[in-house]
Amino acid sequence: MSAYTSKTGTTSILKSFTSADRERAKAAAINKVRFSTPKEKGLLESVRAAQGGNFHLVKEFSFYLLEADLDDEEVLQIMEDGRKIVHSLTTDFANVVEALLSFNWRKRSPEVVAAYTEFSIDIMVAHNTYIPIGISKCIVNWIPGDLQAADWVNGCPGEETRTELKTVHDILNRILTAVPMAFDVVIDAISSKFPYFKKPAHVTAGYLYNVLWLIEYKPMFGELVLQLVLQKLLILDVNAPRDEIVEAEEEADKMDEDGIFTIEDVTADTVVKQSADSVLHPIGHTLDTCLSILFKFVDGKTRIQPEFSEEERWAASRFFKTLLYIFEDVLLPSHNTHHVQFVIFQACSIRPSYSEAFLSSLWLKVQNPNVSAILRHAAVGYMASFLARARFVPLSTIKMYLNELSNWANSYIGDSDQYSSQNGSLKANMVFFSVCQSIFYLIAFRAKDLTKDLHYLQLLPLSRIAMSHLNPLRYCLPAVATAFAGVTRTHQLAYCHTVLERNARRKLATVYGHDKAMPEETLETFFPFDPYLLKLSNKYIEPNYLVYKAHDMDECAATETFRRKRGDSEMVEEDDFILADKRQKLNELSKSQEFDKHFHYGTSPGFNT
């Protein structure tokens, strides 16, 4: 390589230095710090000198370990010396111990790996103060480099990378077996080392791969690790909203490239290429890859094969119970999630008993007055969305819970005081309105199946619920109320359009000069199992996911668009059957009713049987 001289502006490898330059170069060479390893400055002699009060050699040896390029024989000698004096390496020698534990052994010979492993175990058993350092130095090897994307395809390591990681996990397994008190330290280290949510997808996914690997050989970490994983994935989820994912896809459709898109990663100066089998939103792509890994892991842990022993069957059931407990603790109280909650959807699709346990736990929460209204409200939303979307849930189960919800709402109306002006408020009756909206939503969404047994629907107190003095249709999402009214009128189950017209007049905007205000009368809710937008992990969801077919002739309709705003006075949600409402309403709305675009007082063709 040639040298560039600033004085002449020419490059040359033969250009001579001036005498002054030569003297400066000699001075720099003399003053450069160099480390040597003569016998008198080895680990044993350095520790003996420090025990006599001279810590200079220990400090020098610590810097030497961090800077020097050691061969395998030197490393073996140092590790063996460390094991000889392991009991003497107290906290006074923390720097040199940390330097020894920081040694990069991944590309070394098996002898070096074995020596490092033995020293790590010995030092942590002899001095538990070094456990956090040792565990941290081990777990840091789980994190892929920012430039190692080629070694991690869709979150799965290559053969060479997996071989290296197996050694890392073998070491950690031996450490945890020898030092059981390291349990809490491991959890803290996993949490602290979890990559930032804007890191490249392969970094976060690779780390998650290793975190889940830990559960394979140390099942005792299962509950806390899964809880931590879902908490971290929630951060990704809330930073990858549905509207941003859809917007990124729509912008990509306008480009003229074929299948490969170049996206500037927001956390690095490098350019990341993504294939067409994943979403283009950078954080959404990370979430997609991570959920694909998590779904595969959950499937392997909860699926029971015919040849399984009784113990293996019990372990699978216990794992699902753990997952259900984590769902209730982490996901159920979480606001505005988009895709992470599908982990429980995917798990329930594996066995009928899992979905029964999931629905039962939600229904118990809804009925329990000691549970907060917010959680009961969320539980009802999960019930309705799950029953509507889960293809694997039998119709008998849907009818059973629809009957339970209707009876609960009917009893609530009977117990309420219709002469009390306070009883009709949204805040005081949030759970009731949530239950009513779930009933309306289920009947509208699954009308094609439910209307095959009209006698069953006629036995439900639908008319009493819809016409009650609490007026639940007033607080429901307009699209849901309109769809429900269309189904009930078509099959003469109830006539709700009079109530909808009265509610529409009450929702007229109040104009103040140039401003317009709408009354805050819409129930803040969401259906957690809205259409799944992530492409890579969708293979675990799509076979068991029910997409509404708006018309009998439109059997090929396999896509749908949901848009919703949570926290606003007006909430908009579009589904296939809602889109059908909007198309049909243009023909059936009178001119005096066109002020409210959310309502349709006719029969939706999507509900014809």
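Note that this is a predicted model, so its numbers are computed, not measured.

Attention now moves to the overall build of the protein chain. Scanning the protein chain for helices and strands turns up 25 helices and eight strands. Across the 609 residues that make up the protein chain, the buried fraction comes to 50%. About 29900 Å² of surface is accessible on the protein chain, with carbon and sulfur atoms providing 51% of the total.

With that settled, the discussion passes to helix α4 (residues 72-84). The periodicity of an α-helix, 3.6 residues per turn, causes residues three or four places apart in sequence to face the same way. Spanning 13 residues, α4 covers 19 Å between terminal C-alpha atoms, matching the ideal 18 Å at 1.5 Å per step. Among the residues of α4, V75, I78, M79, D81 and G82 are the ones counted as buried. Around the axis of α4, the buried residues are gathered within 160° of arc, so they sit on the same side. Projecting away from the buried face of α4 at angles above 90 degrees are the exposed residues E73 and K84.

Below, the discussion takes up the confidence of the model for the protein chain. For any part of a model where pLDDT is low, the fine detail of the predicted coordinates should not be relied upon. With 76% of its residues at a pLDDT of 70 or more, the protein chain shows a mean pLDDT of 79. Counting contacts from residues 551-574, a segment whose pLDDT is below 50, to residues more than four positions away or on other chains yields 71 contacts. Across residues 578-609, where pLDDT falls below 50, the model places 78 contacts with residues more than four positions away in sequence or in other chains.

Now for the packing of aromatic side chains. In total, this model carries 34 aromatic pairs according to the counting rule given. A ring pair is formed by Y196 and F197, whose centres lie 4.7 Å apart and whose planes are at 55°; its orientation type is tilted. Considering the side-chain rings of F345 and F386, the 5.8 Å spacing of their centres and the 75° angle between planes classify their relative orientation as edge-to-face. You can see F345 sitting in helix α15 (residues 342-348) and its partner F386 sitting in helix α17 (residues 373-389), a full 41 residues away along the chain. The two residues F345 and F386 agree in class, both being buried. Site record: aromatic cluster; members linked through ring pairs are F295, F327, F342, F345, F358, Y382, F386, F392, F529, Y532, Y540 and Y545.

On to the side chain of T337, then. In this structure, T337 sits in the loop between α14 (310-331) and α15. A distance of 3.0 Å separates the side chain of T337 from the side chain of Q341, its partner in a polar contact.

Attention now goes to the pattern of salt bridges. For the structure shown, the criterion picks out 15 salt bridges. Where D146 meets K199, a salt bridge forms, and the shortest distance between an N and an O atom there is 3.3 Å. Within this pair, whereas D146 is found in the loop between α7 (131-139) and β3 (152-153), its partner K199 is found in the loop between α9 (183-193) and α10 (201-217), the two being separated by 53 residues in sequence. Put simply, D449 and R446 hold a salt bridge, and the shortest N to O gap is 3.3 Å. Take R446: its relative accessible area is 7%, and that puts it in the buried class. A single network of salt bridges, built from pairs that share partners, joins R106, K107, E160 and E164.

Reading the values: the criteria
- Residues numbered from 1 in each chain as written.
- Predicted model: local features only at pLDDT ≥ 70, side-chain atom pairs only at ≥ 80, totals over all residues.
- Heavy atoms only, no water.
- Helix = DSSP H or I, 4+ residues; strand = E, 2+ residues; numbered from the N terminus.
- Buried < 20%, exposed > 50% of the residue type's maximum accessible area, 1.4 Å probe, protein only.
- Areas by Shrake-Rupley, 256 points an atom, 1.4 Å probe, with all protein chains shown as cover.
- Expected span 1.5 Å × (residues − 1).
- Arc of directions from axis to C-beta.
- pLDDT = per-residue confidence, 0-100.
- Contact = heavy atoms within 4.5 Å.
- Phe/Tyr/Trp six-rings, centres within 6.5 Å; stacked < 30°, edge-to-face > 60°.
- Polar contact = N/O pair within 3.5 Å; in protein donor to acceptor, adjacent residues only side chain to side chain.
- Salt bridge = Lys/Arg side-chain N within 4 Å of Asp/Glu carboxyl O.

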